[in-house]
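Descriptive structure summary
Below, each chain spelled out in residue letters.
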Amino acid sequence: MLTEYKVNSIKNLLVYNRAVYFFMLLSSLISRISELTLNSVIMYYYVVVPALIIVFDRFLFFGRLKKLDSQDEFPYTFMRVRTCIYVFLFSAGGAIDIIPASLLVPLFLCLVYIYLQDILFCDRFDSFNSCLFISITLYMANFLLFLKYRTMINGIWKFGLTASFLVVVIVCCILYLVISGIIRNLNERYKDILFKYGDIKEENEKLISVAEKVERINSEINFQRINLARVNDDLAESNHESRSLIGVMKFFSSSFDIEKNAKVMLDNIMKVKNAKAVGMYISENVYMNKEPFTYINAEDETTEQLLGEELEKVYKLVVDAESTEPTEICINREYKYPILSGIGILNAVAFPAYENDDLYGVMVVISGKYDFFINGYAFYETSVMDFTSALISDRLYLKTEEMAKKDGLTKIYNRIYFNHFYGDLKRQVLSDGDKLTVAMMDIDHFKNVNDTYGHLVGDEVIKTVASIDDKYADRFNGTAVRFGGEEFLLILRGIGIDEAYNILKEMHDEIESTVVEYEDLKVCVNTSMGVASYKDTCGNIEELVDLADKAMYYSKTHGRGMIVIDGQYEDDLSEG
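Residues numbered from 1 in each chain as written. Predicted model: local features only at pLDDT ≥ 70, side-chain atom pairs only at ≥ 80, totals over all residues. Heavy atoms only, no water.

Our next topic: the overall build of the chain. Scanning the chain for helices and strands turns up 15 helices and 13 strands. Out of the 576 residues belonging to the chain, those deemed buried represent 42%. Counting only contacts in the chain whose residues sit at least 6 apart along the sequence, the fraction spanning at least 24 positions is 68%. Roughly 31700 Å² of accessible area belongs to the chain as shown, and the carbon and sulfur atoms make up 56% of that amount. (Helix = DSSP H or I, 4+ residues; strand = E, 2+ residues; numbered from the N terminus. Buried < 20%, exposed > 50% of the residue type's maximum accessible area, 1.4 Å probe, protein only. Contact = heavy atoms within 4.5 Å. Areas by Shrake-Rupley, 256 points an atom, 1.4 Å probe, with all protein chains shown as cover.)

As a further point, take the sheet that holds strand β9 (residues 487-493). Here five strands make up an open sheet; going across it, the order is β8-β9-β7-β12-β13 and the pairing mixed. Two strands close off the open sheet at either side, each with one partner strand: β8 (479-482) and β13 (563-565). Strand-to-strand, the axes of this sheet are offset by a mean angle of 20°, without reference to chain direction. In the packing of helix α14 (residues 544-557) onto the sheet, the strands contacted are β7 (436-443), β9, β12 (527-534) and β13, and the crossing angle to β12 comes to about 150°. (Pairing = 2+ DSSP bridges. Axes fitted to C-alpha atoms, helices over the stretch in contact; angles between N-to-C directions.)

Turning our eyes to something else, we now look at helix α11 (residues 446-453). Restricting attention to buried positions, one finds in α11 the residues Phe-446, Val-449 and Asn-450. Projection of α11 onto a plane perpendicular to its axis shows the buried side chains occupying an angular sector of 95°, all on one side. Exposed residues lying more than 90 degrees from the buried face of α11 are Lys-447, Asp-451 and Thr-452. Positive phi appears at Gly-454, one or two residues downstream of α11, with a value of about 100°. (Arc of directions from axis to C-beta.)

A separate point is the sheet that holds strand β2 (residues 293-298). Strand order in the open sheet formed by six strands is β2-β1-β6-β5-β3-β4, with antiparallel pairing between adjacent strands. On the outer flanks of this sheet lie β2 and β4 (334-335), each paired with one strand and no other. Where strand β5 (residues 347-355) lies against strand β6 (residues 358-367), nine bridges are found, and the strand directions are antiparallel. Paired with Ala-348 across the bridge in β6 is Ile-366. Helix-sheet contacts for helix α8 (residues 301-321) involve β1 (277-282), β2, β3 (327-331), β5 and β6, and the interaxial angle to β6 is about 135°.

A separate point is unusual backbone geometry. If you check the backbone angles, Asp-371 has positive phi at about 55° while not being a glycine. Here Asp-371 lies in the loop between β6 and α9 (378-405). Of the residues examined, Asp-371 reaches a relative accessible area of 42% and is grouped as partly exposed. One non-glycine residue, Asn-477, lies in positive phi territory at about 55°. As for its position among the elements, Asn-477 is in the loop between α12 (455-475) and β8.

Before going further, it helps to spend a moment on the confidence of the model for the chain. Counting all residues, the mean pLDDT for the chain is 82, and 84% of those residues have values of 70 or more. When the criterion is pLDDT under 50, residues 572-576 qualifies, and its contacts beyond four places in sequence or with other chains add up to two contacts. (pLDDT = per-residue confidence, 0-100.)

Our next topic: the side chain of Ser-27. Within the element layout of this structure, Ser-27 appears in helix α1 (residues 3-33). The class for Ser-27 is buried, based on a relative accessible area of 10%. If we ignore the near neighbours within four places in the chain, the residues touching Ser-27 are Leu-103 and Pro-106.

Another point: helix α13 (residues 497-513). Under the 1.5 Å per step criterion, the end-to-end length of α13 is 24 Å for 17 residues, consistent within 8% with the ideal 24 Å. Among the residues making up α13, those that are buried are Ile-497, Ala-500, Ile-503, Leu-504, Met-507, His-508 and Ile-511. One side of α13 holds all its buried residues, which, seen down the axis, span an arc of 135°. Counted as exposed and oriented over 90 degrees from the buried face of α13: Asp-498, Asn-502 and Ser-513. (Expected span 1.5 Å × (residues − 1).)

By the definition in use, this model includes 17 salt bridges. Notably, a salt bridge pairs Lys-276 with Glu-299, separated by 3.2 Å at the nearest N-O pair. With a gap of 23 residues between them, Lys-276 in the loop between α7 (258-273) and β1 and Glu-299 in the loop between β2 and α8 connect regions that are remote in the sequence. Accessibility expressed as a relative area gives 11% for Lys-276, which makes it buried. Under the relative-accessibility criterion, Glu-299 is labelled exposed at 53%. A network of salt bridges, in which partner residues are shared, links Lys-276, Glu-299 and Asp-300. (Salt bridge = Lys/Arg side-chain N within 4 Å of Asp/Glu carboxyl O.)

For the rest of this paragraph, the subject is the packing of α12 against α13. Their axes nearest at 10 Å, the elements α12 and α13 cross at an angle of 150°. The angle between α12 and α13 falls in the class roughly antiparallel. The two elements α12 and α13 meet at a crossing, and its hand is right-handed. Where α12 abuts α13, its residues Val-465, Ile-468, Asp-469, Lys-471, Tyr-472 and Arg-475 lie against Ile-503, Glu-506, Met-507, Glu-510 and Ile-511. Classifying every residue of the contact of α12 with α13 gives six nonpolar, no polar and five charged. (Parallel < 35°, antiparallel > 145°, perpendicular 65-115°, else oblique. Left-handed = near helix turned anticlockwise from the far one by under 90°. Nonpolar A, V, L, I, M, F, W, Y, C, P; charged D, E, K, R; others polar.)

What follows concerns the packing of α11 against α12. Running from N to C, α11 and α12 cross one another at 140°; their axes reach a closest spacing of 7 Å. Relative to α12, α11 is oriented oblique. Across the interface between the two elements, Phe-446, Val-449, Asn-450 and Tyr-453 from α11 touch His-455, Val-457, Gly-458, Val-461 and Ile-462 from α12.

Met-280, Phe-351, Met-363, Val-365, Tyr-380 and Phe-387 are the most contacted members of the largest nonpolar core, which totals 33 residues. Among the secondary structure elements, those contributing two or more residues to this core are α6 (157-254), α7, β1, β2, β5, β6 and α9. By residue number, the principal contributor to this core is α7, which donates seven residues. The contacts of Tyr-380, once residues within four sequence positions are left out, are Ile-269, Lys-273, Phe-351, Met-363, Val-365, Phe-372 and Phe-373. Formed by 32 residues, the second largest nonpolar core is a distinct cluster that contains Met-441, Leu-492, Ile-495 and Val-516. (Core = buried A, V, L, I, M, F, W, Y, C linked by side-chain atoms within 4.5 Å.)

This paragraph deals with the packing of aromatic side chains. Applying the stated rule across the entire model yields 19 aromatic pairs. When the centroid spacing of 5.1 Å and the interplanar angle of 90° are considered together, the rings of Tyr-45 and Tyr-46 count as edge-to-face. According to the relative accessible area criterion, Tyr-45 is buried, its value standing at 18%. Using a relative accessible area of 0% as the deciding quantity, one classes Tyr-46 as buried. In textbook terms, an aromatic cluster arises when at least three aromatic residues are bridged by ring pairs, as seen for Phe-351, Phe-372, Phe-373, Tyr-377, Phe-379 and Tyr-380. In this structure, Arg-415 is placed above the aromatic ring of Phe-483, and the distance from its NZ or CZ to the ring centre is 3.6 Å. Taking NZ or CZ as reference, Arg-475 lies 4.7 Å from the ring centre of Tyr-472, over its face. (Phe/Tyr/Trp six-rings, centres within 6.5 Å; stacked < 30°, edge-to-face > 60°. Lys NZ or Arg CZ within 6 Å of the ring centre and 35° of its normal.)

Laid out in structure tokens, this is it:
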């Protein structure tokens with residue numbers, strides 16, 4: 001019998017041992033209580049011995065067997081010594097007193113049970129040695145059991161008792177041979193089954209290994225499918241982004257309105273990326289804009305207001321960073337800078353707008369979703385770069401157009417552009433029922449300046465007067481025009497004659513108080529002005545410029561350095 005099977009049988013055998021030995025202990029107590037024996041020593045002996053054996057089996061014998069490994073050799077010698085000790089312990093009671101018949105049956109049951117254990121555990125199947133061991137121990141056990149019976153038997157009957165001992169020994173040996181044969185046969189079958197089980201187990205392990213490989217391959221295939229699906233989604237998103245960028249670039253190519261281009265770009269980002277808000281800040285004098293340009297597209301008014309209040313701060317933050325890389329303000333609610341901290345804002349990134357390493361603006365993208373920028377910043381950076389390319393092209397176009405519209409020396413609008421836009425302006429004024437005031441001015445004694453100081457000084461005088469004219473045009477939403485050599489116009493829409501006169505008076509005083517400096521020369525300047533206003537001084541808008549010219553001429557011929565209003569000099573003209 002294999003050690004593995006023996007070790008597995010220990011737990012059940014321990015329970016059986018307790019039951020058999022406890023039965024012996026209980027039989028001894030019953031025999032004494034029922035007075036089948038009057039010897040208390042016999043009773044105590046067969047109570048103590050089973051109890052000691054139970055303790056020994058529990059803590060020593062079976063405790064040692066439980067520590068055996070399936071590959072360890074079974075302790076046969078230890079088992080044989082145990083068998084001898086148990087047999088003689090149970091038989092030694094016969095040396096104390098005559099054992100009553102009520103105890104003989106439990107005693108023989110215990111002895112048979114002990115020998116069965118020996119047969120089961122010491123199955124080396126060396127029949128002669130085993131039979132000799134059983135014969136000697138069993139004969140001695142019988143001798144001890146019936147030792148006190150000699151006083152009851154005389155003569156030849158003593159030899160009969162010995163013969164009965166031999167019969168018992170022979171019967172036990174025969175039982176051993178039969179049982180050992182059965183065990184040997186069962187053990188062979190068990191080995192065959194075990195070997196087959198080993199083969200099956202090995203095949204099962206192979207199948208399990210193959211199954212694990214198949215499962216691993218399936219997992220990898222599923223993972224690849226997931227990755228492929230993710231790649232397809234990313235590719236579809238990338239294609240969608242590319243198509244949207246192409247559409248924006250097409251709009252850029254057909255539009256020369258930079259501010260409108262910025263709005264189209266930001267609206268496209270909101271549409272494609274579903275952002276919470278997008279804002280653009282462009283500093284002044286980037287595309288002939290005298291003030292910074294800002295535009296915000298947001299899904300709610302609160303976010304729009306917050307971004308509007310802090311957009312310039314973001315621009316200054318990017319300027320201080322001195323980096324062309326995106327500035328991460330907040331990523332998944334982890335703020336790196338204490339700005340744009342609002343309800344529902346989880347991500348905020350600023351994308352710098354550069355032209356030749358010069359920062360001119362910033363685009364800010366805000367989102368209320370986690371991992372909003374998980375696919376990177378390429379789409380946003382490409383949008384800004386496309387806008388920058390369009391801005392450079394548009395600015396070149398605007399500069400070319402501006403050069404055609406404006407005077408090369410003074411940088412205010414020229415006579416050609418005046419002739420182009422003035423007709424449209426008159427039609428709009430008539431359509432809206434609005435007022436229109438035109439002031440014409442001429443630099444006094446300008447020929448003397450050229451003759452005395454030279455044309456370079458004359459040019460400085462013209463530029464000075466033109467810059468003051470342009471300054472007041474910007475302040476009151478008007479238009480400054482160089483009408484002739486030293487003649488200028490100031491066109492004011494929506495302003496009547498009284499308000500226009502106050503404006504011209506302030507401008508006239510500023511020109512008069514200005515000293516033009518050129519190298520070591522200092523030249524004082526003055527102008528003669530004439531002003532006419534549609535609806536206030538004349539009823540025909542077509543005569544407005546002509547009437548302003550006549551009023552200026554009156555100023556030139558009547559002392560210069562004056563502001564003359566149309567209609568206030570007619571009597572003087574008629575007298576002249």
